[in-house]
Amino acid sequence: MIEWELYRSFSHVLREGSLSGAARVLGMAQPTVGRHIAALEDALGLVLFTRSQTGFLPTEAALALQPHARAMEAIAATLERTAGSLGDGVRGTVRVSVSEWVGVEVMPAVIAALRERHPDVRIELVIANHVQDLLHREADIAVRVTRPTQEQLIARRVGTIEWGLHASAGYLARHGEPIELADLSSHTLIGYDRGTPFVRDALQQWPQFQHANLSLRTDNDLAQLALIRAGAGIGMCPAALACRSPDLVRVLPAAFAISLESWVTMHEDLRESASCRATFDALVNAMSSLASPASGR
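Conventions used here
Residues numbered from 1 in each chain as written. Predicted model: local features only at pLDDT ≥ 70, side-chain atom pairs only at ≥ 80, totals over all residues. Heavy atoms only, no water. Helix = DSSP H or I, 4+ residues; strand = E, 2+ residues; numbered from the N terminus. Buried < 20%, exposed > 50% of the residue type's maximum accessible area, 1.4 Å probe, protein only. Contact = heavy atoms within 4.5 Å. Areas by Shrake-Rupley, 256 points an atom, 1.4 Å probe, with all protein chains shown as cover. Lys, Arg positive; Asp, Glu negative; His and termini not counted. Charge placed at Lys NZ, Arg CZ, Asp CG, Glu CD. Salt bridge = Lys/Arg side-chain N within 4 Å of Asp/Glu carboxyl O. Core = buried A, V, L, I, M, F, W, Y, C linked by side-chain atoms within 4.5 Å. Arc of directions from axis to C-beta. Polar contact = N/O pair within 3.5 Å; in protein donor to acceptor, adjacent residues only side chain to side chain. Patch = residues over 30% accessible without salt bridge, like charges linked within 9 Å, V, L, I, M, F, W, Y side chains within 5 Å. Phe/Tyr/Trp six-rings, centres within 6.5 Å; stacked < 30°, edge-to-face > 60°.

With that settled, consider the overall build of the chain. A count of helices and strands for the chain gives 11 helices and 11 strands. Its C-alpha atoms put the chain at 70 × 50 × 30 Å along the principal axes. Counting only residues that meet the buried cut, the chain has 46% of its 297 residues in that class. Restricting to contacts in the chain with at least 6 residues of sequence separation, those with at least 24 account for 73%. With an accessible surface of roughly 15200 Å², the chain has 52% of that area assigned to carbon and sulfur atoms. Separation between the mean location of the 27 positive side-chain charges and that of the 32 negative ones in the chain comes to 3 Å.

This is the structure:
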C-alpha cells in the first residue's frame, strides 16, 4: 500500500511546480518532499516529473494521475472537516463555495453573524464562478444558479436574483440617461470579456452586449461592479446589491432584466452535521433576502 503522504506531496509539487514551493505549503523540509516523490515514482514504476532549471515539469503519467490525486486530497480534507464537526455543539470546519459577488458582498456579514452565534465554527470560503464538485466534496455547501440534479445533494431554492443595468448618478449626470436600448450605443458599456456559456446564452437577446460593443471588458464580477460604482459606464449587477449603494441608478428596467434562480446545496451525508446545518440555514436566509419579492420562493 502506498502511503497517502506520498500522494499529498505529489499533488502539491504538481500545483506549486517545485519541491521548495510544495515544502513551504506543506510545512515540510524540501528534502523530505523530494524523498516522497522519489518513493512514489519507485512504487508506481513511473517517472512523474522532469527536472529542469525552471522547476519540476509533470510528465504525461503525472498529468494522468493528477485528477485522482486531487480527489484523494479532497476526500482527506473532508474527513478532517467531518471529524472536526462531530460531537456535541456546533463546531468544526465548513467549506463553502460561492460566486465572486456573493463571496465579497454577502458572505462577510453571514460569516460574522454565524461566528457570533457559534464561535467554534470555522469557515473555508472558496470564491470562484466555476462550480465546485459537491459529490466529490470539493466543498460542503455551495450557492448555485441552477438546480442540482444529483440525488445525493440537498438543495433549497431561495428565489430568483434579478440582474439589471446600473450606472452611477455621476456617470448619468455627465452622459445622460438612456431612454431605450438603442441609446446604449452612445454609452460606455461594461461587460464580460469571454464569460461562460451560461452568460453568453443569457445575453443573446441583447445584442448591445455583444463582445465588440463593450468598451470595458472583464470576466470578474467584482471588477465590473467596481467600474460601475466608479462611474466608468453602464453595466450589469444584481438589483438587490445595487440598492445598497445610494449612488447607483437602475437604467432601462423594463427593457433589460435577467432573473437567475438561486439554490443553496450541500451533500446529504452532511445533514447530521450541526455546523453544516447552521451554515446552510444562514446562507438560505441571506440569499432569500436578496431574492425578488415575486419569485415565489
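Moving on from the coordinates now.
With that out of the way, let us pick up the environment of Glu 180. Relative to the helices and strands, Glu 180 resides in the loop between α7 (169-175) and β7 (190-191). The class of Glu 180 is partly exposed, set by a relative accessible area of 48%. Put simply, Glu 180 and Ala 254 are 74 residues apart on the chain and 9.5 Å apart in space, counted from C-alpha to C-alpha.

This brings us to the pattern of salt bridges. One pass over the full model with this rule turns up eight salt bridges. Close ionic contact of Glu 124 with Arg 95 constitutes a salt bridge, the shortest N to O distance being 3.0 Å. With Glu 124 in strand β4 (residues 121-127) and Arg 95 in strand β3 (residues 92-98), the pair connects residues that are 29 residues apart, well separated along the chain. Between Arg 229 and Glu 105 there is a salt bridge, and its shortest N-O distance comes to 3.3 Å. Residue Arg 229 is located in helix α9 (residues 221-229), and its partner Glu 105 is located in helix α5 (residues 100-105); the two are separated by 124 residues in the primary sequence. Connected through shared salt-bridge partners, Asp 193, Arg 194 and Asp 219 make up one network.

For the rest of this paragraph, the subject is the side chain of Glu 100. Within the secondary structure layout, Glu 100 lies in helix α5. No salt bridge is formed by the buried Glu 100. Its closest oppositely charged neighbour is Arg 194, at 10 Å. When residues no more than four places from it in sequence are discounted, the contact partners of Glu 100 are Ile 127, Asn 129, Asp 219, Asn 220, Asp 221 and Leu 222.

This next bit is on the nonpolar core. Among the nonpolar cores identified, the biggest contains 56 residues, and Trp 101, Ile 141, Leu 165, Phe 209, Met 236, Val 264 and Met 287 are the most heavily contacted of them. Residue contributions to this core peak at nine residues, all from helix α11 (residues 274-290). With 18 residues, the next largest nonpolar core counts Tyr 7, Val 13, Leu 26 and Val 33 among its residues.

Time to look at α9. Buried within α9 we find Asp 221, Gln 224, Leu 225 and Ile 228. Burial along α9 is one-sided: seen end-on, the buried residues are contained in an arc of 100°. Those residues of α9 hidden inside the fold are in contact with α5, β6 (153-168), β7, β9 (235-238), α10 (239-242) and β10 (248-251). If you check the start of α9, you find a side-chain oxygen 2.8 Å away from the backbone N of Leu 222, and it comes from Asn 220. A positive phi of about 80° marks Gly 231, the residue just after α9.

Turning next to a nonpolar patch on the surface. Taken together, Val 104, Leu 125 and Ile 127 make up a surface patch of nonpolar side chains, about 210 Å² in accessible area. Along the chain, Ile 127 turns up in strand β4.

Quick look at the packing of aromatic side chains now. With the rule as written, the count across this model stands at five aromatic pairs. Residues Phe 49 and Phe 56 carry aromatic rings whose centres are separated by 5.7 Å and whose planes lie at 50° to one another, so their mutual orientation is tilted. Assigned by exposure class, Phe 49 and Phe 56 land together as buried. The rings of Phe 10, Phe 49 and Phe 56 are connected pair by pair, giving a single aromatic cluster.

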